[in-house]
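Chain residues, written in single-letter form:
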Amino acid sequence: MPCDVFPPLVLLLLLSVFRTSHGCLDDPVLAYRFSGAICRLTYPAAAVLNEKTTKVIEAAFQHARYPSVKGEKSLPLIGKVTYGLDNLEIHNLSIGRSEFELRPGEGIAMEISNVSAIFRGTIQYGYGSWMVDVANSVDFEVESQIDLGINPKLYCGKGKVAADTSDCYLNFHKLELLLQGDREPNWLKRLFTNFITFTVKLVIKGQICNEINKVANILADFIQDTAEQFLSDGDISVDIGIAAPPVITDNYIESYHKGLTNYNNFSSVINASVFHPSHLTEHKMLYFWVSDQVFNPMITAAHQDGRFHLNISGAEVSEILKTDLSSATPDFISQCLLESGSPELRVWSSSAPRLQTSVLGGSVRAQASGELHCGSPHTLRLLFQTEVEVVVTASYADKKLFLQGNTSEISVLQAELPSSNQQQLDEAQLEYIREAVEKIGIPKVLSVLEPELTRLLDKQGVNLFDIINPEVLPRDGFVVIQMDFGFPHHLLVEFLRKTLE
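These notes cover the structure that comes with them. From a predicted model like this one, the values you see are computed outputs, not experimental measurements.

### Structural notes on the state of the cysteines
The final tally for this structure, using the stated rule, is three disulfides. Between the sulfur of C24 and that of C156 lies a disulfide, 1.7 Å long from S to S. Because the torsion about its S-S bond is 60°, the bridge between C24 and C156 counts as right-handed. Taken together, the positions of C24 in the segment before α1 (28–31) and C156 in strand β7 (residues 153–157) put the pair 132 residues apart, joining distant regions of the chain. Overall, C24 belongs to the partly exposed group, its relative accessible area being 26%. Between the sulfur atoms of C336 and its disulfide partner C374 the distance amounts to 1.8 Å. Torsion about the S-S bond of the C336 and C374 cystine: about -95°, corresponding to left-handed handedness. Here the residue C336 occupies a position in helix α7 (residues 331–338), and C374 occupies one in strand β19 (residues 361–374), the gap between them amounting to 38 residues. Of the residues examined, C374 reaches a relative accessible area of 0% and is grouped as buried. Among the cysteines of the chain that take part in disulfides, numbered as they appear in the sequence, the pairing is 1-2, 3-4, 5-6.

In structure tokens, the structure reads:
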């Protein structure tokens, strides 16, 4: 089996991603018909993600670059005092707890409390009059205890989910200035304590809120870049930019994605999707709704790209041909087993398979062609073409993908024995081919697809996610994937590593 088999079922497991697209509709209801994939994140899932919020907030504090600040103040007798704050850095950062609330129609309210940190830097100062002229510098520390509030608004930004965190505020419960050394006069300490701490407040608030907004966008881009790489394979990619702004209710956040396949300068179109919010429930943490209109263009692109090929040779072919079937084994099969050399069976899709999902499963109708080569040198013994319809159900457990197939229809469209004087096969020989396709061919294809798809998922890191009790539920014209999950810590670590580089 070639290693580049295209996996249309990959989207059943990971569609929690975005990619740049064109524009958004203001009304999500109007966007339903243009949405091929829907993602619903429920309140329990948001709670799991919120547990990791402190790591992102820590990154925002630590990654912030605090600018130098200069100012002056006039005092009686002493005259004008000039000052500058330089080399402001953060140390000993700790964060207490993080709480959040989903606000329908508004956004997300987040409260991060008991953020304690020490800010260190240098004060350059000078003052002078007709009596005295002094210029000096002193290191300082600011001990702080802060509560941080953020009210992100989710919106459609250039075809993808974006977060506006400009509604950001800091409450300072403690902000104490400590000057280093005993040589400074008490009046200078009192002076700096008054207006330097005020200045530090402004600097910290402005930079932290700006950095949080920056980190939020970096995180969004990181997720989307990771997703784009996951969904791209050669010349085939999937555009799942959002069709409308996300919807927030008391219990979930829901986003609407286009799900358009791009292949060789061709892009599919979705304008008759059947999504309705009632298709999804709220008892699981994460839901994906995927239309057949997403899968079929992907499958067509894979066929056109020559992805559906299976070559079997040697002892494996011999074992397959020896399988006991109710139909009598044709002479050309028996002769192939007796000839020297390594037999080879080649099978490929001769037209683009079509998927139609129902409550019974995904019904896949496909035409497949095959060649059986025997002897040494290889001689083409059998050439055939069949049309099959198989109802496939998928499941994922123990970090492996499982496929079950039930054949509903098989017909032999063409069968020839090129090396024989017999131009057409008789009915008994055709029945053998039908039975061999049903009982050997289809199970073999599914058994090869299972590890190949699992291997590809592992390559993309799906096995690193803690996916809990996933369910793949086929419905009329779409599939619902629902699961609980544990936050993929490796993804956060990778993000923070790149952010802090």
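Still to come is the rest of the account.
### What to know about the sheet that holds strand β13 (residues 260–263)
Strand order across the open sheet formed by three strands is β10-β13-β14, with antiparallel pairing between neighbours. Of all strands in the sheet, those with a lone pairing partner are β10 (236–239) and β14 (266–267), marking the two edges. As paired elements, β10 and β13 share four bridges and run antiparallel to each other. Among the inter-strand pairings, I236 is bridged to a residue of β13, identified as Y263.

### Comments concerning the environment of S137
By secondary structure assignment, the location of S137 is in strand β6 (residues 133–150). In sequence terms S137 and I123 are 14 residues apart; their C-alpha atoms lie 5.5 Å from each other.

Cut-off values and rules
- Residues numbered from 1 in each chain as written.
- Predicted model: local features only at pLDDT ≥ 70, side-chain atom pairs only at ≥ 80, totals over all residues.
- Heavy atoms only, no water.
- Disulfide = S-S within 2.5 Å.
- Helix = DSSP H or I, 4+ residues; strand = E, 2+ residues; numbered from the N terminus.
- Buried < 20%, exposed > 50% of the residue type's maximum accessible area, 1.4 Å probe, protein only.
- Pairing = 2+ DSSP bridges.

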